[in-house]
Amino acid sequence: MKKFVMYGIFALAAGQACAAGDTIKVGMLAEMSGTFADFGLQMTNGAKAYMKQHGDIVAGKKIELIVKDTTGPAPDVAKRLAQELVVKDGVDFLAGFGLTPNAFAVAPISTEAKKPTIIMNAATSAITTKSPYIARVSFTLAQVTEPMAQWAYKSGLRKIYTVVADYGPGHDAEQTFKKTFTKLGGEVVGELRVPLKNPEFGPFVQRVKDSKPQAIFVFVPAGELAVGFMKAYDERGLAKAGIKLLSTGDVTDDSVIDALGDGALGVISTHQYSAAHVSPENKAFLAAYAKVDAKTRPNFMAVGGYDGMAAIYEVVRQLKGNVDGDKAMQVLKGLKINSPRGPIQIDADTRDIVQNVYVREVKKVDGKLYNVEFETINAVKDPGK
Ligand code: DHB
């Protein structure tokens, strides 16, 4: 019964959207306030940078961005806002999603309303399996963690402790690291999961130190948590104790890397984007981003916002402005984009992203900390499928 009512509302909304005529509406659900406010800032800045660079008219239609604040990991809020975007605003696309729980919550709405939904960050592998109308332009934790485990083994490390945030992407990172590293012959000597909300890193990090592993592998979401973890790693003297730090790029994320301080020098991470990536596409992206926000350095979430808009523009272009959910998904499946991070493709079977993963080291470039890429693993698919 509930399903029927929902469908009725969405059918009405679809009619209103058509009546809107000359506008294509993109409803962005993003974390614009609270602990994760930087996620929303980065994703919306990235989307705006693309629009600034390419104009806001595509196939004769004006592209309109409508941003709604999910306030943090808040599935109920995300769901309510997605319903509003579909029903009241009559959006043609849903997009955004910094955090996994918000993406999971909206998947049933994408399916029922047949709304193409572009994941610009949320990185748990299973997200794209939750609706045939979801496509991802960001990454998955499994995708960047597998190369990290391989690099660790190749560099001679054999005993590693893992520390992850206790939710979807953290679980994916933990499992992928263990599976890959142990298969090669390494040993995971301990595993810790830290809460997503207000974690106290000191005692966790002390436990790792006391067990004397050769290295620690970490995933926590970018931003404040990463800063908190690095502070504890410094204060508890793990580097001095010879415990090397390996992480996904979230921990050494461009938007906070300066705040990590020189303690971060030498940290090895794997990820899909570094602001220090050398390419004409990245140069153009950095310039476009600076015109939107000269105060922050763009990170991988900004690139997700930027590439997400590139995907949306291509759908609108190919469908000549007549956006339909099923046809939009046909365009998205197999779509290739020359991203600021390198070439990317949306896998036609899984609607997940295929991209290069880079191994990077934190170094000083012109006096500032950057993730300097030194190895590339080409065209990596999500191993979590
Ligand atoms: C999520 C994943 C990330 O890599 C990150 O930095 C923040 C959030 C997520 O899927 O929730």
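All figures in this text were calculated on a predicted structure; none of them were measured in a lab. (Residues numbered from 1 in each chain as written. Predicted model: local features only at pLDDT ≥ 70, side-chain atom pairs only at ≥ 80, totals over all residues. Heavy atoms only, no water.)

Brief notes about the sheet that holds strand β6 (residues 134-136)
Sheet strands line up and pair through hydrogen bonds in the backbone, either parallel or antiparallel. Spatially, the six strands line up as an open sheet ordered β2-β3-β1-β4-β5-β6, and their pairing is mixed. The strands lining the two open edges of the sheet, one partner per strand, are β2 (57-58) and β6. Summarising the sheet, strand β1 (residues 23-30) and strand β3 (residues 61-69) pair through eight bridges and their orientation is parallel. Within the sheet, the bridge partner assigned to lysine 25 lies in β3 and is glutamate 64. (Pairing = 2+ DSSP bridges. Helix = DSSP H or I, 4+ residues; strand = E, 2+ residues; numbered from the N terminus.)

Description of the pairing of strand β4 (residues 93-96)
In β4, alternate side chains face the same way, and those of Phe93 and Ala95 on one face and Leu94 and Gly96 on the other are all buried. At this point the chain moves from β4, through helix α4 (residues 100-113), to the parallel strand β5 (residues 117-119), and the crossover so formed is right-handed. (Buried < 20%, exposed > 50% of the residue type's maximum accessible area, 1.4 Å probe, protein only. Right-handed = clockwise from strand over helix to strand, strands pointing away.)

Observations concerning helix α2 (residues 37-54)
Along its 18 residues, α2 runs 26 Å from first to last C-alpha, staying within 8% of the 26 Å computed at 1.5 Å per residue. Along α2, the residues classified as buried are Phe39, Gly40, Gln42, Met43, Thr44, Asn45, Gly46, Ala47, Ala49, Tyr50 and Met51. Buried positions along α2 lie against β1, β3, β4, α10 (280-292) and α11 (300-318). Looking one or two residues past α2, glycine 55 carries a phi angle of roughly 80°, positive in sign. (Expected span 1.5 Å × (residues − 1). Contact = heavy atoms within 4.5 Å.)

Structural notes on the nonpolar core
Within the largest apolar cluster, 103 residues are counted, with the highest numbers of intra-cluster contacts made by Ile63, Ile160, Ile216, Phe229, Leu246, Met309 and Leu332. Sort the elements by how many residues they give to this core and α11 lands first, with twelve residues. Two domains share this core, each providing at least three of its residues, namely domain 1 (2-139 + 278-351) and domain 2 (141-271 + 358-380). If we ignore the near neighbours within four places in the chain, the residues touching phenylalanine 229 are Phe201, Val205, Ile216, Val218, Leu245 and Val251. Among the nonpolar cores identified, the runner-up in size contains 19 residues, and Val86, Leu94, Ala103 and Ile119 belong to it. (Core = buried A, V, L, I, M, F, W, Y, C linked by side-chain atoms within 4.5 Å. Domains from an automatic or database assignment.)

Some remarks on the domain arrangement of the chain
As far as domains go, the chain holds domain 1 (2-139 + 278-351) and domain 2 (141-271 + 358-380). A C-alpha centroid distance of 29 Å is found between domain 1 and domain 2. In this assembly, domain 1 packs against domain 2 so that about 1,700 Å² is buried in total across both faces, 58% of it on carbon and sulfur atoms. Considering only the side of domain 1, the residues that lose the most area to domain 2 are Phe139, Arg297 and Phe300, jointly responsible for 38% of the buried surface there. Mapped onto the side of domain 1 that touches domain 2, the elements with two or more residues apiece are α2, α4 and α11. Classifying every residue of the side of domain 1 that touches domain 2 by side-chain character gives ten nonpolar, seven polar and two charged. (Buried area = accessible area lost by both parts, 1.4 Å probe. Nonpolar A, V, L, I, M, F, W, Y, C, P; charged D, E, K, R; others polar.)

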